[in-house]
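Here are the chains, one letter per residue:
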Amino acid sequence: MADKGEIFNLWAQPPVDLYIKIYLFNITNAEAFLAGREQLKVEQVGPYVYKEIMTHENITFNENNTMSTTPSHPLVWQEHMSEGHREDDQVIMLNIAMLAISHLTASHPFFVRMALKTLFVSTQAEPIVRTTAKEFMFGYPSALARLGNTFLPNWISFEKVGLIDRMYDFSTDFETFYTGVPNPALSGLYATYRGETTLPQWQGDHCSNIEYASDGTKFKSFIQPNETVKFFRKSMCRPINLYRVGEQRTFGSLKGYNYVFEDNAFDNGATNEANKCFCRKGDCQPVGLIDVTDCYYGFPISLSFPHFMNGDVGLQQNITGMNPDPAQHSSAFVIQPESGLPLSLSVKVQINMHFKDLSNFPTVSKFSHLTAPMLWFEIMMPSLPDSLDSRFNFYLNILPLVNPLGFWLALIVGLGLLGYAITRATLHMSSYARQAANISEGKYARANLLQNLTGGATNQVYSPCELKLIDNSAGANKQHVIGRSTVEDLAFQERRRKSAYALEMEPALSDAGASSDEGNECDTLTLSRNSTTSSSCIEVEHCNEEDDICIECFDENALETELAGSSSGGAEAKHQLAISFASSGFASSPSSIRSSSSNVNVGSSDGKGWVPYAYPHQFGGTSPKHA
């Protein structure tokens, strides 16, 4: 817990509806009992309901990871929950002050007892009195209490005696709780009570150690199925262990388990040997009682379960009106084990007065060796308020799902983006590879078409790995591309200009080769042939020092038909067509070929023409260095 933090604020002022329901045992046969004619007869009256405003005040953080505080538990009357009962209801109850003084002095010397008898007569004290419900619970005027406060201030520091008033007196208490550093499971649990980890009225850790106990605000976190938890409240005067029973239960949006008091919690060692340390000063009370005299100002007070449930049979037989019922009188806590948050609680305890031999005081002698019930109470929290239920539902149920869901969602999105990026890159690389393959295949296809048109081998088809088109032969001083005279060069330039003009008039034809030839001052001739499909491609490109190649294709059968109709013969037509394409820098569909061949007119005064670079030796040129 951190100062002013959310969990700290919930602990300091729990926003819960905590109530105490009180049932009084009204005596119905006071005269007959005091006369010795009947045993004590009582009837249960109530409930009288108060809301408990539980707070931790004056909180100080210590250097040892603890918090010191003063507890405060003011009560507010809840008439609408009291089922028609009122604080001013008349009841007949035990005179606590008179019976307590008689019990404490019963074995004192004779002169002490005589003085007390005189005091009882002068104050007209009676062992059974009529009072209102509120006066009995929170104190009524008593001459004996005033005298005790006057002459014995260290024993009785109050002028009015009321059981609930004394039970909720926290004015002298100070407590220390763990903050949860370094162990969050211990946050909100007791470190010390009144500066000690043990209670002074008991011997041994089993009975006296309150360290790691809960005051009911929050229990230990991360409780294991077979683990017990500890509960301590001043009104019970002892720590008590709780253990899990039954199946998981649902309260609102949260789930928890039932935790009940340990078996034989009030057996004083009769069954559980460890409980013998609850025998005050070695005097063990009957099974079902625990002597808490030291916590109630020396008054002979014993605690039990309501109606002496699970107690010695004699306790019930000595009092008429006891009707123990486990369904109505059992205590239970519903705890959410991960957080230690109580989802519901119901703590039911009965307050009794026990007496030893009082035969030395005739007016109270009928109470000798009797345990008389006075009231029982239930501290209850039916459920968490809706605001707190919603908050812890988010913390305990929704948030644990959101964290892994967010992780996996982020992982899936990340993998998706990575896959998308890889796919995009692969598609781009595949596209570039196809374009490169088309360009490479086109270069060699043009060379093959040139060979075919100029009379090369009919089935000579070159692939990129079979032909190195341009290379220098040993001893050669120049590349074997095209040789022509100066006059021919002028004629060639003119034809190139006209062909370029024809391309401009046919943009669809020029677009195909624009990307590869743009910006290069070259002569282009494309030649290739595919024997399977009878299709041909043509292109040649002659640069100043380099040769590069592009591709255009057409149907060879259509070309043969076209060439057969020309007046100069097939071989010569092919030769002239090659020259036309070389000068124009393109070749395309049969229609383009026809257009180009019809405009070709190449002459040579010395009988020399250009030499195709694929096989220059077939046209009178020199052999290439590599084939």
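The structure presented is a predicted model; accordingly, all values stated were derived computationally and were not measured. (Residues numbered from 1 in each chain as written. Predicted model: local features only at pLDDT ≥ 70, side-chain atom pairs only at ≥ 80, totals over all residues. Heavy atoms only, no water.)

Draft legend 1. Structural view of the overall build of the protein. Across its full length, the protein holds 16 helices and 24 strands. Here the protein, with 627 residues, has 48% of them falling under the buried criterion. In the protein, of all internal contacts separated by at least 6 residues, the share reaching a separation of at least 24 is 64%. (Helix = DSSP H or I, 4+ residues; strand = E, 2+ residues; numbered from the N terminus. Buried < 20%, exposed > 50% of the residue type's maximum accessible area, 1.4 Å probe, protein only. Contact = heavy atoms within 4.5 Å.)

Draft legend 2. Spotlight on the environment of A100. Here A100 is to be found in helix α3 (residues 96-105). Look past the residues within four positions of A100 in its chain and what remains in contact with it is F299, P300 and M353.

Draft legend 3. Up close: the sheet that holds strand β11 (residues 190-193). Ordered in space as β3-β4-β10-β11, the 4 strands form an open sheet in which the pairing is antiparallel. The open sheet has two edge strands with one neighbour each: β3 (55-61) and β11. On average, each strand axis in the sheet is tilted by 30° relative to the strand beside it, whichever way the strands run. Pairing geometry for strand β4 (residues 66-72) and strand β10 (residues 175-178), over 4 bridges, is antiparallel. (Pairing = 2+ DSSP bridges. Axes fitted to C-alpha atoms, helices over the stretch in contact; angles between N-to-C directions.)

Draft legend 4. Molecular detail of the UniProt feature "transmembrane region" (unreviewed entry) in the protein. What UniProt calls "transmembrane region" (unreviewed entry) maps, in this numbering, to residues 405-423. Taken as a whole, residues 405-423 contains 100% helix and 0% strand, while its terminal C-alpha atoms sit 27 Å from one another. (UniProt positions renumbered as here; feature names shortened; annotations may be inferred.)

Draft legend 5. Region of the structure containing the state of the cysteines. Counted according to the given criterion, the structure contains 3 disulfides. Here C207 connects covalently by a disulfide to C277, the sulfurs 1.5 Å from one another. Handedness of the C207-C277 disulfide follows from its S-S torsion of about 70°: it is right-handed. In this pair, C207 sits in helix α8 (residues 205-208) while C277 sits in the loop between β14 (254-261) and β15 (290-291), placing the two residues 70 residues apart along the sequence. Here C207 falls in the buried class, since its relative accessible area comes to 0%. Paired by a disulfide, C237 and C295 hold their sulfur atoms 1.7 Å apart. One quick way to see it: the torsion about the S-S bond of C237 and C295 is about 60°, and its sign makes the bridge right-handed. (Disulfide = S-S within 2.5 Å.)

Draft legend 6. Representation of the packing of α3 against helix α4 (residues 110-122) within the structure. Between α3 and α4, whose axes approach to 11 Å, the crossing angle comes to 170°. By the angle between their axes, α3 is roughly antiparallel relative to α4. In this structure, α3 contributes M98, I101, S102 and T105 to the contact, and α4 contributes R113, L116 and F120. When its residues are assigned to classes, the contact of α3 with α4 shows 4 nonpolar, 2 polar and 1 charged. (Parallel < 35°, antiparallel > 145°, perpendicular 65-115°, else oblique. Nonpolar A, V, L, I, M, F, W, Y, C, P; charged D, E, K, R; others polar.)

Draft legend 7. Quick look at a nonpolar patch on the surface. Taken together, the side chains of F407, W408, L411, I412, L415, L418 and I422 present a nonpolar region at the surface, about 750 Å² in accessible area. The topology assignment puts L415 in helix α11 (residues 386-453). Take L415: its relative accessible area is 53%, and that puts it in the exposed class. (Patch = residues over 30% accessible without salt bridge, like charges linked within 9 Å, V, L, I, M, F, W, Y side chains within 5 Å. Areas by Shrake-Rupley, 256 points an atom, 1.4 Å probe, with all protein chains shown as cover. Salt bridge = Lys/Arg side-chain N within 4 Å of Asp/Glu carboxyl O.)

Draft legend 8. Spatial organisation of the pairing of β4. Of all 7 residues that make up β4, 5 are buried, and the element is covered over most of its length. One ladder, built from 5 bridges, connects β3 with β4; its direction is antiparallel. What sits directly across from T60, in β4, is S68. Between β3 and β4, which follow one another and run antiparallel, lie 4 residues, and N65 among them has a positive phi close to 65°.

Draft legend 9. Here's a closer look at the nonpolar core. Of all hydrophobic cores here, the largest spans 112 residues; its most connected members are L24, F333, I351 and F367. Residues in contact with L24, not counting those within four places in the same chain, are E43, Q44, V45, Y48, V91, M93, A133, F136, M137, M374 and L375. (Core = buried A, V, L, I, M, F, W, Y, C linked by side-chain atoms within 4.5 Å.)

Draft legend 10. Local environment of α4. Helix length check: α4 (13 residues) gives 18 Å between terminal C-alpha atoms against 18 Å at 1.5 Å per residue, within 8%. Of the residues making up α4, those classed as buried are R113, L116 and F120. Buried residues of α4, seen end-on, are gathered within an arc of 60° and therefore sit on one face of the element. Pointing more than 90 degrees away from the buried face of α4 are the exposed residues F111, T118, V121 and S122. (Expected span 1.5 Å × (residues − 1). Arc of directions from axis to C-beta.)

Draft legend 11. Representation of the pattern of salt bridges within the structure. What the rule picks out here adds up to 12 salt bridges. D17 is the salt-bridge partner of K51, the closest N and O atoms lying 3.4 Å from each other. Of the two residues, K51 is situated in strand β2 (residues 42-52) and D17 in the loop between α1 (6-12) and β1 (19-27); the sequence distance between them amounts to 34 residues. Look at K51 and you get partly exposed, because its relative accessible area is 22%. Look at D17 and you get partly exposed, because its relative accessible area is 30%. For E79, the salt bridge identified is with R86, shortest N-O distance 3.7 Å. Given the relative accessible area of 42%, R86 is considered partly exposed. Here the salt bridges do not stand alone but share partners, grouping E79, R86 and D88 into one network.

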